[in-house]
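# What the coordinates show
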Amino acid sequence: MTSDDAFKRSGFWHGFSTVGKRVVLNWSLYTAIALTSLGVLLLSGYGGVSKLHKVMSNRAVDLFSCSIGAISMILAAIAIAVVIYNKKDLHLIVLGDRVSAEGFVFPYRYGATLWGILALVSFFSELLPETNNYSMFYSSNVLWLFLTIYCVCFTLYLIGEVIQHMLLSAMIEEK
């Protein structure tokens with residue numbers, strides 16, 4: 001494998017096309033959908049969307065800060081995953097089958113991307129104009145809530161990934 005091939009294999013869209021379905025369609029997505037639906041059902045009868053908007057807008061700076069912090073934690077998580085494997089084992093992962101290499105890196109990149117999107121949405125939320133279009137107002141706030149819940153759930157999924165890497169590295173025999 002050339003360095004060009006390794007560079008292409010480490011790209012976000014290449015990882016998404018190779019292992020994206022497995023990474024994206026996991027319990028964190030379904031849990032976020034269920035919790036968002038439950039939240040919307042609980043809030044819908046009490047003028048909750050405007051309350052939700054007020055809470056989310058008041059917490060936009062906090063969400064932005066948390067998002068930046070979460071990106072840093074994801075970088076630390078991938079650093080831990082790299083450290084627990086020695087150089088020889090990482091070399092085997094990179095040179096191994098396509099799914100191993102992309103599956104090793106992509107979940108962390110996807111998680112950092114999710115938190116980055118939430119950071120941008122939170123940062124620019126104050127710049128969005130007020131709208132009288134109820135469906136636009138409603139859907140944007142529900143999507144913001146979903147993205148927040150999904151980011152938290154996916155970070156929990158990443159914690160599981162780090163634990164799996166730790167256990168797998170302990171199982172690899174040194175030769």
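One can find the structure itself at the top, above this paragraph.
First, a word on scope: everything that follows refers to the structure included in this document. Note that the structure is a prediction, hence the values are computed from the model and not measured.

## Thoughts on the overall build of the protein chain
For the protein chain, the count of helices and strands is eight helices and zero strands. Going from N to C terminus, the protein chain has its helices and strands arranged as α-α-α-α-α-α-α-α. Among the 175 residues that make up the protein chain, the fraction classed as buried is 37%. Look at the contacts in the protein chain between residues 6 or more apart in sequence, and 88% of them connect residues 24 or more apart. Here the protein chain displays about 10900 Å² of accessible surface, and carbon together with sulfur accounts for 71% of that area.

## Some remarks on the side chain of serine 122
Tracing the sequence through the fold places serine 122 in helix H7 (residues 98-124). Given a relative accessible area of 2%, serine 122 falls into the buried group. Once residues lying within four places of it in the same chain are set aside, the contact partners of serine 122 are Ala60, Leu63, Phe64 and Trp144.

## As for the packing of aromatic side chains
Under the definition given, this model contains seven aromatic pairs. Both rings, one in phenylalanine 64 and one in phenylalanine 123, keep their centres 5.4 Å apart while their planes meet at 40°; by these two values the pair is tilted. Of this pair, phenylalanine 64 sits in helix H5 (residues 60-84) while phenylalanine 123 sits in helix H7; the two residues are 59 residues apart in sequence, bridging distant segments of the chain. By relative accessible area, which is 48% here, phenylalanine 123 ends up partly exposed. On the basis of an interplanar angle of 80° and a centroid distance of 5.1 Å, the ring pair of tyrosine 110 and phenylalanine 154 is categorised as edge-to-face. Of the two residues, tyrosine 110 sits in helix H7 while phenylalanine 154 sits in helix H8 (residues 134-171), which places them 44 residues apart along the sequence. Site record: aromatic cluster; members linked through ring pairs are Tyr110, Phe146, Tyr150, Phe154 and Tyr157.

Definitions and cut-offs
Residues numbered from 1 in each chain as written. Predicted model: local features only at pLDDT ≥ 70, side-chain atom pairs only at ≥ 80, totals over all residues. Heavy atoms only, no water. Helix = DSSP H or I, 4+ residues; strand = E, 2+ residues; numbered from the N terminus. Buried < 20%, exposed > 50% of the residue type's maximum accessible area, 1.4 Å probe, protein only. Contact = heavy atoms within 4.5 Å. Areas by Shrake-Rupley, 256 points an atom, 1.4 Å probe, with all protein chains shown as cover. Phe/Tyr/Trp six-rings, centres within 6.5 Å; stacked < 30°, edge-to-face > 60°.

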